[in-house]
Amino acid sequence: MSRVHGYGRIDRGRMLTFTFDGRTYTGHPGDTLASALLANGVHLVGSSVNLGRPHGISAAWTEDATALVQIEKPFPEPMLQATTVELVDGLVAHGVNGQGRLADTADPARYDRKHTHTDTLVIGAGPAGLLAALAAARAGEDVVLVDDRPVAGGSLTGTEVIDGRPALGFVADVVAELARLGVRHLQRTTAFGQYDDGFVLALERRTDHLGADAPAHRSRQRVHRIRALKVVVATGAQERPIVFEDNDRPGVMLASAARDYLHRYGVLAGREVVVFTSDDAAYAAALDLAGAGARVTVLDVRDTLPREWAARAAEAGVPVHPSTTVTGTEGEERVRAVLAHGVDGSVRLPADLLLVSGGWNPVVHLFSHVRGALAYDPELGSFRPSGSLPGVIVIGAANGTLDLAGVLREGGGPDAPEAGPEPARTPTKVVWRTDGDPGRQFVDIQRDATVADIGRAVGAGLRSVEHVKRYTTIGTAHDQGKTSGVLASGITAELLGARIEDLGTTTFRPPYTPVAFAALAGRARGSLFDPERTTPLHDWHVEAGAVFEDVGQWKRARYYPEPGEDMDAAVLRECAAARSGVGILDGSTLGKIDVQGPDAAVFLDRLYTNMMSTLKVGRVRYGVMCGNDGMVLDDGTVLRIDENRYLVTTTTGGAATVLDWMEEWLQTEWPELRVHLTSVTEQWSVFPVVGPRSRDVVGEVFPELDVSADAFPFMSWRDTTLDGVPVRVARISFSGELAYEVNVNSWYAPALWERLLAAGERYGITPYGTETMHVLRAEKGYPIIGQDTDGTVTPQDLGMSWAVSKKKEDFVGKRSFSRPENHNPLRKQFVSLLPIDGRTKLPEGSQIVELCENGSLPEPPVPMLGHVTSSYLSAELGRPFALALVKNGRARIGDLVHVPVNGALVQAQIGDTVLIDPEGARRDG
Amino acid sequence: MQLIHCPWCGPREEVEFHYGGQAEITYPERPAELSDQDWAEYVFYRDNPKGPFAERWSHSAGCRRWFNALRDTHTYRFLGTAKPGEPLPNTQRNTEVRV
Ligand SMILES: [Zn+2]
């Protein structure tokens, strides 16, 4: 065991059992998986993705590049960092060799999101962030403080002194005061992206650390969407390694990480420790580990040693060698020895832990996300914020301030507490790498990307770090280059003979740490992914065994199969009923817009291709709407309710588009028109009663209504009542049959539907779905906008010149009809297509081709004449049929063409679109 | 995600808004009298400047009203918004550049 007494903040009174790579170990509450593994002497975690080299634990938090694990229990999750997985009882994990594995069952956990608005958001609860939050809260601001670790305090190890007290006592006092001041303080919450205008996304981990004690109702993770007037970035700094040969072995670790393992978890990560540094901070690690019982040797790159640290080292019996570099390591599954080169030549030092420190990289990600400018600081050997952004400030180590006194001042301002004495700093020596085989000097360890790879990129002519990143993949792993990014810039600059100042660094992009898609999706999964709209009859459809289809957000009954029926059989039966007896459809999803105002008629005249102002009250007109480009946008019927009031219907899918389109014209072009538009789609339910017996059914249900052809002709509407409930009936037919569309306030929809069914029972009334509706309309050649059209089709292409007014001087789209392209004889026109074999249902979307005189296909590329837009089996025709857009189609009626179907050519004849009752006798009856 | 200042509602989340193309393109008085070229200019041709650009936006998930905005296409930042018919901030605009 590597656990040392007297250190760490774990709960030694409780024991947790976990399994790693099939073996059972123990740890304590407060451990991470990584600290528990190290406590058990486990250094080998997995192997690298490309080269299969052994990988261990190289850091203690999110900057770790090597210790990737697959969690198996409590729920499979791939590619997590062992350094950030909090240990719980029963955890089962193994090291990742290559790639991780996603669960093959749905994640049972809940994820959610929360919106927060605040004056000041402080990111990071280290000394700078805590003091900034405190200052803002004391000044009366509303404050949110988030921090990614389990507890506040940031990088403080507990050995520091603040305000004359041990640092952690000071932290506890500040946290308590923040709570009293009402600061919303969230630990285990990672701000992973900053966006414009103070918008920050943060991920809170809410249950994993509780293990089996997690309340069942609590969401596992929560995405906080925080909008703040001021964002304080106090995200600290991460230690930067130095690249040397075989630097990827288990047992090579950041110096600060070893110190973290000791002070947070009471784990001594090695007994025979070599510390390789170009910076002062590693001395603290060296002395702390020595104090805990390790044998430690310090190799300092610098010629001038930090005097005070060197003296303390001498006192502690820790040898320090100046002007010495590490050139390699030995060992397989763990470092066995360190190879170094110093003033006395090369040496081999036995070691089981090699600590590395090359200085510090400010964590500038969240500043950079919002395009905050960064500049290279040669003293830091890294990039720090330069220039300012409105509403964003960066403080503490994230700003490049590394001494505790300075950090406290940046957080707390003039009233900041004092830090205990710190040794004077000796400048960091910026070293990116030492001498050695560049093919074994790993820059991005997770990606197996080496100095040699950068060399190849530069050799291939790449001169930008962004290009080098993509060529080498450096910085593209789960850690997004936290340890490798600056090194890659530095080494690229060195190889190019350029200045890193000029080269810059790659752009930081969210997320700062990996975020599961499940968390981003939140509650928007399954049926909550997108709103589901149902009609008032939905329960009836379900009970009737309807098969549903999605039409936009609507759930529509597609057909109602009887036992043993497939869709074709059900639809043939439903079609036959509507054509020979009576059918009924739930058409409630039809878009409906109430257009009111003294200028309603003028308004509709400008938007529809045909004339709506001449429509008489009580009458209905079919209308087509085009865009400015003259292409059909939507169609539907228009009922004139009153002198100043129309009810406009739209396609189910086009309802929102048409309302928006109307509003746009009204608000932006014709604000002088006195017109109001209201969606009434959900207020009115509509049931088309369709077929030769529809008059009998409707007449029976509404005794007050004269349903005779003379009193109630086609394309008119009448109001009536049923048991005192107003009902509007319109003679509109989307099937070509005698039909009555019955409209009622949606509250009464189920009752009226039942009444219609009861009255229709003796006529064999048959509910039909959208599929039958489509067949019936297609047999009559009625296009569906968006299925038979695609935004390049004019009313003329559809054969609807009759719906285009010649009297109106102008309407939207009219001028485009006379553009030369719209008179091109080769435009595609709407026609029917009958397969000659009488059997093949031509697949929708099929291309249409034509054979040469000699019966062979033309040379490729074979010219395409058009495509099939709709295709069905017809009960009435006793055969399949299709609608299509075909070049110059109307002039080609009678011609034979071919449609490739499953590798064979099916012959088909072009015909008129109306296949049933061309005179309209049934409809008008 | 920016906050966009709806002239009626105040600052609201960008996702509540819908882009409506270049502003100040008015429907021609008498389309029938325009040449094909001039009509095509109205229907299809739009400026594409780098820098301040007058645009139409709609607060589609809010008050559902249209308004005009001046936005810098280089930085994405909104320089100002105004109700239809009201002046936009008097910042220099580039409207000639077409790509
Ligand atoms: Zn608004």
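Residues numbered from 1 in each chain as written. Chains lettered and ligands numbered in written order. Predicted model: local features only at pLDDT ≥ 70, side-chain atom pairs only at ≥ 80, totals over all residues. Heavy atoms only, no water.

Moving on, we get to the overall build of chain B. Each helix and strand in chain B was counted, giving one helix and six strands. Starting at the N terminus and ending at the C terminus, chain B contains elements arranged as β-β-β-α-β-β-β. Among the 99 residues that make up chain B, the fraction classed as buried is 42%. Sequence-distant contacts in chain B: of pairs separated by 6 or more residues, those separated by 24 or more amount to 47%. Of the roughly 5,700 Å² of accessible surface on chain B, 47% is carried by carbon and sulfur atoms. (Helix = DSSP H or I, 4+ residues; strand = E, 2+ residues; numbered from the N terminus. Buried < 20%, exposed > 50% of the residue type's maximum accessible area, 1.4 Å probe, protein only. Contact = heavy atoms within 4.5 Å. Areas by Shrake-Rupley, 256 points an atom, 1.4 Å probe, with all protein chains shown as cover.)

What follows deals with the sheet that holds strand β6 (residues 77-81) of chain A. Residue and element names in this part refer to chain A. Judged by pairing direction, the sheet is mixed, and its five strands sit side by side in the order β2-β1-β7-β5-β6 without closing on themselves. With partners counted over all chains shown, the strands left at the sheet margins are β2 (23-27) and β6, one partner each. Strand after strand, the sheet turns through a mean of 35° between neighbouring axes, direction not considered. Across four bridges, strand β5 (residues 68-73) lies against strand β7 (residues 92-95) in antiparallel orientation. When the bridges of β7 are listed, Gln-70 appears paired with His-94. (Pairing = 2+ DSSP bridges. Axes fitted to C-alpha atoms, helices over the stretch in contact; angles between N-to-C directions.)

Before going further, it helps to examine the coordination of the zinc ion. Residues and elements named next belong to chain B. Around the zinc ion, the protein contributes the donor atoms Cys-6 (SG), Cys-9 (SG), His-59 (ND1) and Cys-63 (SG), which lie 2.0 to 2.3 Å from the metal centre. Each donor residue of the zinc ion belongs to the same chain, and together they define the spacing C-x2-C-x49-H-x3-C. Residue Cys-6 is located in strand β1 (residues 3-6), and its partner Cys-63 is located in the loop between β4 (52-58) and β5 (66-72); the two are separated by 57 residues in the primary sequence. A relative accessible area of 26% means that Cys-63 is categorised as partly exposed. (Donors = N, O, S within 2.8 Å, 3.2 Å for Na, K, Ca; no water.)

Once that is clear, we can look at the side chain of His-55 of chain A. Within the secondary structure, His-55 of chain A sits in strand β4 (residues 54-55). Setting aside residues up to four positions removed in sequence, His-55 of chain A forms contacts with His-43, Leu-44, Val-45, Gly-46, Ser-47, Ser-48, Thr-66, Asp-248, Pro-250, Ile-445, Gln-446 and Asp-448 of chain A.

Before going further, it helps to spend a moment on the UniProt feature "domain: SoxA A3" (unreviewed entry) in chain A. With numbering aligned to this structure, UniProt lists the feature "domain: SoxA A3" (unreviewed entry) at residues 439-523 of chain A. Annotated as residues 439-523 of chain A, this span is 45% helix and 6% strand, and its ends, taken at the C-alpha atoms, are 47 Å apart. (UniProt positions renumbered as here; feature names shortened; annotations may be inferred.)

Turning next to the confidence of the model for chain B. Residues and elements named next belong to chain B. Predicted confidence across chain B gives a mean pLDDT of 90, with 90% of residues reaching 70 or more. Predicted confidence is poor over residues 94-99, with pLDDT under 50, and the contacts of this stretch with residues over four places away or in other chains come to 13 contacts. Scored by ipTM, the complex comes to 0.93, with pTM at 0.90. (pLDDT = per-residue confidence, 0-100.)

One pass over the structure, following the stated rule, counts 24 aromatic pairs over all chains. Summarising the aromatic geometry, the rings of Phe-244 of chain A and Phe-276 of chain A are spaced 6.0 Å apart at their centres and angled 70° between planes, so their arrangement reads as edge-to-face. Here Phe-244 of chain A is found in the loop between β16 (237-239) and β17 (252-254), whereas its partner Phe-276 of chain A is found in strand β18 (residues 272-277), with 32 residues between them in sequence. Taken as a pair, Phe-244 of chain A and Phe-276 of chain A share a single burial class, namely buried. One aromatic cluster in this structure is built from Phe-603, Trp-661, Trp-665 and Trp-670 of chain A together with Tyr-27, Trp-39 and Tyr-42 of chain B. The ring of Trp-717 of chain A carries the charged tip of Arg-728 of chain A above its face, separated from the ring centre by 4.9 Å. The side chain of Arg-731 of chain A reaches across the aromatic face of Tyr-740 of chain A, ending 5.6 Å from its centre. (Phe/Tyr/Trp six-rings, centres within 6.5 Å; stacked < 30°, edge-to-face > 60°. Lys NZ or Arg CZ within 6 Å of the ring centre and 35° of its normal.)

Further remarks concern unusual backbone geometry. Residues and elements named next belong to chain A. The omega torsion of the bond from Pro-510 to Pro-511 falls at 0°, within 30 degrees of zero and hence cis. The residue after Pro-860, namely Pro-861, is reached through a cis peptide bond having omega -5°. For Pro-861, the position within the fold is in the loop between β45 (847-848) and β46 (866-874). The phi angle at Asp-246 is positive, at roughly 55°, despite the residue not being glycine. Inspection of the secondary structure puts Asp-246 in the loop between β16 and β17. For Ser-323, which is not glycine, the phi dihedral falls at a positive 50°. Note on placement: Ser-323 falls in the loop between β20 (320-321) and β21 (325-331). On the basis of relative accessibility, which here comes to 24%, the residue Ser-323 falls in the partly exposed class.

Time to look at the UniProt feature "domain: Aminomethyltransferase C-terminal" (unreviewed entry) in chain A. Under the present numbering, the feature "domain: Aminomethyltransferase C-terminal" (unreviewed entry) in UniProt falls on residues 828-917 of chain A. Span residues 828-917 of chain A is 0% helix and 47% strand, its end C-alpha atoms 25 Å apart.

Here we take up helix α17 (residues 655-669) of chain A. Every α-helical turn comprises 3.6 residues, leaving residues that sit three or four positions apart pointing alike. All names here are of chain A. With 15 residues, α17 should cover 21 Å at 1.5 Å per step; its first-to-last C-alpha distance of 21 Å lies within 8% of that length. Among the 15 residues in α17, 11 count as buried, and that is most of the element. Buried within α17 are the following residues: Ala-655, Val-658, Leu-659, Trp-661, Met-662, Glu-663, Glu-664, Trp-665, Leu-666, Gln-667 and Glu-669. (Expected span 1.5 Å × (residues − 1).)

A separate point is the side chain of His-59 of chain B. Summarising the element assignment, His-59 of chain B is placed in the loop between β4 and β5. Sequence-distant contacts of His-59 of chain B, defined by excluding residues within four places in its chain, comprise Cys-6, Cys-9, Arg-12, Glu-16, Phe-17, Arg-64, Arg-65 and Phe-67 of chain B.

This part covers the interface of chain B and chain A. Reports of interface size often rely on the accessible area that becomes lost once the parts have come together. Contact with chain B, which involves 23 residues of that partner, is made by 26 residues of chain A. By the criterion of area lost to chain A, the three top residues of chain B are Met-1, Tyr-27 and Arg-64 of chain B, representing 29% of everything that side buries. Inspection of the chain B/chain A interface yields 17 residue pairs in polar contact (both at pLDDT 80 or more). Take the side of chain B that touches chain A: its biggest share by element is five residues, from helix α1 (residues 36-44) of chain B. Its residues assigned to classes, the side of chain B that touches chain A comprises 12 nonpolar, four polar and seven charged. (Buried area = accessible area lost by both parts, 1.4 Å probe. Polar contact = N/O pair within 3.5 Å; in protein donor to acceptor, adjacent residues only side chain to side chain. Nonpolar A, V, L, I, M, F, W, Y, C, P; charged D, E, K, R; others polar.)

Turning to the packing of helix α18 (residues 694-701) of chain A against helix α19 (residues 749-760) of chain A, a few remarks are in order. Residue and element names in this part refer to chain A. Relative orientation of the contacting elements α18 and α19 amounts to 125°, with a least axis distance of 9 Å. In this view, α18 runs oblique relative to α19, as classed from their interaxial angle. Seen from above, α18 lies across α19 with right-handed handedness. Contacts between α18 and α19 involve Val-697, Glu-700 and Val-701 on the former and, on the latter, Leu-752, Arg-755, Leu-756, Ala-759 and Gly-760. Here the residues of the contact of α18 with α19 sort into five nonpolar, one polar and two charged. (Parallel < 35°, antiparallel > 145°, perpendicular 65-115°, else oblique. Left-handed = near helix turned anticlockwise from the far one by under 90°.)

Residue and element names in this part refer to chain A. For the pair helix α2 (residues 127-138) and helix α8 (residues 404-412), the least separation of the axes is 7 Å and the interaxial angle reads 25°. Classed by the angle they form, the pair α2 and α8 counts as roughly parallel. Between α2 and α8 lies a crossing of right-handed hand. Residue-level contacts link Pro-127, Ala-128, Leu-131 and Ala-132 of α2 to Leu-404, Val-407, Leu-408, Gly-411 and Gly-412 of α8. Looking at the contact of α2 with α8, its residues break down into seven nonpolar, two polar and no charged.

Turning our attention to the environment of Thr-492 of chain A. Residues and elements named next belong to chain A. Among the secondary structure elements, Thr-492 is positioned in helix α11 (residues 485-496). Using a relative accessible area of 0% as the deciding quantity, one classes Thr-492 as buried. A C-alpha to C-alpha distance of 48 Å links Thr-492 and Glu-177, two positions 315 residues apart in sequence. Once residues lying within four places of it in the same chain are set aside, the contact partners of Thr-492 are Ile-454, Val-458, Val-468 and Leu-503.

Residues and elements named next belong to chain A. Pairing in this open sheet of five strands is antiparallel, and the strands run β35-β36-β37-β34-β38 from one edge to the other. Of all the strands in the sheet, the pair left with one neighbour each is β35 (620-626) and β38 (676-679). Taking the axes of each pair of neighbouring strands and ignoring which way they run, one obtains an average angle of 30° across the sheet. Sheet topology places strand β36 (residues 632-642) next to strand β37 (residues 645-650); four bridges connect them, and they run antiparallel. The residue bridging Arg-640 from the neighbouring strand is Tyr-646, located in β37.

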